[in-house]
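# Summary of structural features
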Amino acid sequence: MTDAVVPSWAGVRESRWYRLRRADVKLVIAVLIGLVSVTGAVITWRSSKLGENATDKDRQAIAETVLQEQSRANVETVLRNEQEAFSQYKEDLANVHLLNQQADNLASAGFTVEAAMARDQANELQRVADNLQTLNFSIDYVAGFDDNGVPTTFLVDKRREDLRRDDDRAARVQPDQTVAQANTLRSRSQRLEGWLIALVFAVVLLTYATITRRDILRVYLAGAAVVIYIVATVIAFVGD
Amino acid sequence: MAEIEAPEIEVEADDPNFRRVLAIVVVLITLFAACLAYLHEQNGNLEDRAARDAQLASIRGFGQQVAASTESQFDYKIFVQQQLLQRRQLVAASRERTTDSQFASVYQADAQRYTDLNNTIASDAPVKTNDDYNAKDASLNVSPDESRLTQQVLSNRANDFGNKSDAYVAILTVLAVGLFLIGLSLTVSGRGRYMLAVPGIGIAIVCLAWSAIVTLGSVTDIPQKAVELTAQGQQKQAAGDLQGAIDSYHQAIQLSSSFGPAYARLSDAEFENGVSNTTGNQFESISKPDNLKRAIEAGDKALSLGESNPAFVSSLGFFHFAAGDFSQAESLSAQALQGNGEFPPFIFNLGVAQAAQNEKSAALATYKKGIDILKKETDSGLRQQIVSAALTDLEIADASTSKAKDLIQQIKGELVDVEFATNTDASDTTIDGLTVRDDRYRLLAEYDTSADDTTVLTNVWYFRPIDAGGKGPFVQAFTLDTTSTPSNGHVSTTPRENGPCLPGGDYRVEIYAGSKLVGSNDDSPFHLPDSGLGPLTSEGGDSVGITMCRPENWDPPPNQENGSLSFANRDDPNESIVSFSFPIGTTTLATSDLQTIAVDSVVQSDALTGVSAPQNGFEFLGRTVNGTDVELPTTTVTGQLPSGVLERITTSVGDDGIVRTVVIRAGNSDRLNVIRAELINSLRFLDVPEPNP
């Protein structure tokens, strides 16, 4: 049995520069892969933070909408109560006028008792109407008086507008704007996630650069990966 | 000896290309996984966004509902106030006409004042009639309904995105298995490595195809216009415009054929559009076959699109039952109960499907459960309607199958016993000589019985419309139902009405002693022909103080006077009816004299000639606040107008000081008699005093 055949390297010596250059490129590529991975992790973390912020904004928008709708319900209830009181007020005032007129006619026709009763009723109604108005709505929202001084219109839209404005808490919130902010945050998070694909593509190129036998191709691939990495990272962070 | 350093040449014991290729495959799979992660994130974001928007829509819908309700209440209060003023004006005007001339001017001024007051608040009142109110209420509910539908659409969209997002996670997990196999292949030499690497790559390819399918899969995307049209359809349906509602739903479906709520509502509207129910029950059971078919088609489509509301599913189950598909009916009804198992109509829908298939123990158990829950219902009106609908459903089952008659009758008896709770235990009770007849748009049953005078018997009525041609199932008419106590072995039930206008058709009564059926005119139902004046529709109400039936081709005058009902035949202007009531002023005259005076005043104002002698009778029927019918004494004369048209005046003056008058006209005496028989008999003067004991 003979000894195993062992290749002989006698006389063969690779130059140090060549060895260093070969080793350094691979080392650089390995470092680049690590760098790209770390950058990807940072982007993922940042995207996740943006997503959390978007969720917070979503919750805020819902809370604001609840507040706004509570205010709206309150405004509508107050408004309709006032409108109802106004309608009664208007009817009472019209009745006052008509009863006084009726009293005059009755008195002139000789129905003095009936005339007095009608006038008493008119006076009572006047007091009721005045109290109704004082307790329920402001005369500022009454417009359009007829010939007898009876108001004809309750300014519903103006009153609604004022009630809404007076509700400070609801007036301060803008759920639509909060929703827009949440959407923007979510878009940014999404965009960052998109650049991760570019980074993984850079890793693909670097991996191929590592295993290729052609040195020149290795350099080009690594260069392209670096370019992609830089562009993606800059756009991901700066463009954000 | 110089140190020899071995060059860094990769010694690849195996195929070097294998590892290279595998490395490339791994990084490509990683790239694919990154894309999947991106898609997962994207769909997760879209899900979050849709879920948030759905919540916002539901909150806004609630706010809109509150606003709509407050506005509706305001409108209704003003409407009621107007009605009140109209009544006051009517009373004052009536007093003016009937009081001493000295005080007439006082009442005239009062009447004018109420008219002016009414006009004053008229500008605040967008609704003038009950129909106006219903229409306004329906329109106010459009926005909240739109929000509810939008919420549903967005929730479905959120679900779709959520499903996609979850699918990407599943693909990533499977992909990890592929990567594991590929990685494992590097540890094996020889051909064995291919046994691991190839399946790994295969899994990656499958994942690629899977992700393509998921990505291309559609998500809910309903145009807002379709939502609006569906909400408008609901508005029309609520206002009674069923055909308009159906058209709106079809338009919505044209815009989006995957909008489940539009199909579900279309199904309901189609069924309702085919109902000719005159029993006043909100739970309708019998629709025309074509409508039923269309309702099932639309409902099945809605179901396939994911509609799962228990009310809808239960209704669809019932539609299938009505069409004779008992198995599908049972399946759907059971499904509905999973969503809401505490609403008796849903439970009875399942029970009747089981009964129709003669699943005795299951059906009895289901009905027992429904009855137990129904007993807790405190609204007696609602309970009555639910039992009535359940009885009608059992009628349908009875008409559809012959194998479960005993079971169906047993259940009917239990339902009747629950509703009337007569506590009658008279299993040996018999009845004989059952006859049914009509009286003034009312029905009554008479029979002899072996039951003693303390036994309470229950008379349960069923009705089949005349257009059914004497075929098909009856509808349970709960407004006719009564309990009776025999008197000397004989029962004559209190006459009852089948809704405002007694419709022509077949009437059947079942007599129960407790839960036992002791008699019925099942073999020969009482047939009531339709009115000689054509189809009738009900008119009037509390606001007028009168209810009556009018022929559909008779129109009211442009300005109906307050407190009166007037109609004229549009095909023959000579034919008309005017009915009115008003309080009489202070007087010392007897009511019989007042009746004659009231008749004379009309005779004079209409310049009648050939006036007949006054005839006294009891032509009018009044109804007390408690719902008791009272026959009112009347005086009637007939004469001829200058135009030759015949006029018949009937007046009654009650103990309550109210004058009630009806004037009918026709070209000849035959028609006058028909109008009298059909229309005066249908009149009810409301709020008459309780009869003296």
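Model, not experiment: these values are computed from the prediction. (Residues numbered from 1 in each chain as written. Chains lettered and ligands numbered in written order. Predicted model: local features only at pLDDT ≥ 70, side-chain atom pairs only at ≥ 80, totals over all residues. Heavy atoms only, no water.)

So, on to the overall build of chain A. When you go through chain A residue by residue, the secondary structure sums to 6 helices and 2 strands. If you list the helices and strands of chain A from N to C, you get α-α-β-β-α-α-α-α. Burial status across chain A gives 39% buried among its 240 residues. For chain A, the share of sequence-separated contacts (at least 6 apart) that also reach a separation of at least 24 residues comes to 73%. (Helix = DSSP H or I, 4+ residues; strand = E, 2+ residues; numbered from the N terminus. Buried < 20%, exposed > 50% of the residue type's maximum accessible area, 1.4 Å probe, protein only. Contact = heavy atoms within 4.5 Å.)

This part is about the interface of chain A and chain B. Facing the 53 residues of chain A at the interface are 53 residues of chain B. At the surface where chain A touches chain B, the tally comes to 5 salt bridges. Of the charged contacts in the structure, one is a salt bridge between Asp-176 of chain A and Arg-60 of chain B, with a shortest N-O distance of 3.1 Å. Taken together, the links from chain A to chain B amount to 13 residue pairs in polar contact (both at pLDDT 80 or more). Secondary structure elements with two or more residues in the side of chain A that touches chain B: helix H1 (16-108) and helix H5 (175-211) of chain A. Looking at which element gives the most residues to the side of chain A that touches chain B, the answer is H1 of chain A, with 28 residues. Taken together, the residues of the side of chain A that touches chain B sort by class into 20 nonpolar, 15 polar and 18 charged. (Salt bridge = Lys/Arg side-chain N within 4 Å of Asp/Glu carboxyl O. Polar contact = N/O pair within 3.5 Å; in protein donor to acceptor, adjacent residues only side chain to side chain. Nonpolar A, V, L, I, M, F, W, Y, C, P; charged D, E, K, R; others polar.)

What follows deals with the packing of aromatic side chains. All names here are of chain B. A complete count under the given rule lists 14 aromatic pairs over all chains for this structure. Plain terms: the ring middles of Phe-348 and Tyr-367 are 5.3 Å apart, the flat faces sit at 20 degrees to each other, and that makes the pair stacked. Highlighted residues: Phe-348 in helix H12 (residues 344-356) and Tyr-367 in helix H13 (residues 360-375), separated in sequence by 19 residues. Phe-348 sits in the buried class, given a relative accessible area of 2%. Given a relative accessible area of 0%, Tyr-367 falls into the buried group. Looking at Arg-193, its charged tip hangs above the ring of Phe-18, at a distance of 4.5 Å from the centre. Taking the ring centre of Tyr-462 as reference, the NZ or CZ of Arg-508 above it sits at 4.5 Å. (Phe/Tyr/Trp six-rings, centres within 6.5 Å; stacked < 30°, edge-to-face > 60°. Lys NZ or Arg CZ within 6 Å of the ring centre and 35° of its normal.)

With that settled, the discussion passes to empty space enclosed by the protein. Applying the stated criterion across every chain, the model contains 1 cavity of 30 Å³ or more. Here the largest cavity is characterised by a volume of approximately 60 Å³. Looking at side-chain class alone, the lining of the largest cavity contains 6 nonpolar, 3 polar and 2 charged residues. (1 Å grid on protein atoms, 1.4 Å probe; cavity = no way out; pocket = protein on both sides within 12 Å on 5 of 7 lines; lining within 4 Å. Points joined across faces, edges and corners; volume = space filled by probe spheres on them.)

So, about the layout of surface pockets. Residues and elements named next belong to chain B. The volume enclosed by the second largest pocket comes to roughly 1,200 Å³. Elements with a contribution of two residues or more to the lining of the second largest pocket: helix H4 (142-185), helix H6 (224-238), helix H8 (260-273), helix H10 (310-322), H12 and helix H14 (380-400). Sorting elements by how many residues they give to the lining of the second largest pocket places H8 first, with 8 residues. Its residues placed into classes, the lining of the second largest pocket shows 21 nonpolar, 17 polar and 9 charged.

Below, the discussion takes up the pattern of salt bridges. Counted under the stated rule, the structure contains 45 salt bridges over all chains. When the shortest N-O distance is used, the salt bridge between Arg-160 of chain A and Asp-157 of chain A registers 3.3 Å. Linking Arg-160 of chain A with Asp-157 of chain A, this pair stays in helix H3 (residues 156-166), spanning 3 residues, or about one helical turn. Looking at Asp-157 of chain A, the relative accessible area reads 57%, which means it is exposed. The structure contains a network of salt bridges with shared partners spanning Glu-76, Arg-80, Asp-157 and Arg-160 of chain A together with Glu-71, Asp-75 and Lys-136 of chain B.

What follows deals with the confidence of the model for chain B. Residue and element names in this part refer to chain B. On average, residues of chain B score 86 in pLDDT, and 92% of them are at 70 or above. Taking the mean pLDDT of every element in chain B, the minimum, 77, falls on helix H2 (residues 101-122) and the maximum, 95, on helix H7 (residues 242-255). This model gives residues 1-12 a pLDDT under 50, and the stretch forms 11 contacts once residues within four places in sequence are excluded. Both confidence scores are given for the complex: pTM 0.75, ipTM 0.79. (pLDDT = per-residue confidence, 0-100.)

On to the packing of H12 of chain B against H13 of chain B. Residues and elements named next belong to chain B. Orientation of H12 relative to H13, taken along the N-to-C sense of each, is 160 degrees, at an axis distance of 8 Å. Looking at the two axes, H12 sits roughly antiparallel to H13. For the pair H12 and H13, the sense of crossing is left-handed. Of the residues in H13, those in contact with Pro-344, Ile-347, Phe-348, Leu-350, Gly-351, Val-352, Gln-354 and Ala-355 of H12 are Ala-362, Ala-363, Thr-366, Tyr-367, Lys-369, Gly-370, Ile-371, Ile-373 and Leu-374. Grouping the amino acids of the contact of H12 with H13 by side-chain chemistry returns 12 nonpolar, 4 polar and 1 charged. (Axes fitted to C-alpha atoms, helices over the stretch in contact; angles between N-to-C directions. Parallel < 35°, antiparallel > 145°, perpendicular 65-115°, else oblique. Left-handed = near helix turned anticlockwise from the far one by under 90°.)

So, on to the sheet that holds strand S1 (residues 431-438) of chain B. Residues and elements named next belong to chain B. Here 3 strands make up an open sheet; going across it, the order is S1-S2-S6 and the pairing antiparallel. At either margin of the open sheet sits one strand with a lone partner, and together these are S1 and strand S6 (490-492). With direction set aside, neighbouring strand axes in the sheet form an average angle of 10 degrees. Where S1 lies against strand S2 (residues 443-449), 6 bridges are found, and the strand directions are antiparallel. In the strand pairing of S2, Thr-435 is matched with Glu-446. (Pairing = 2+ DSSP bridges.)

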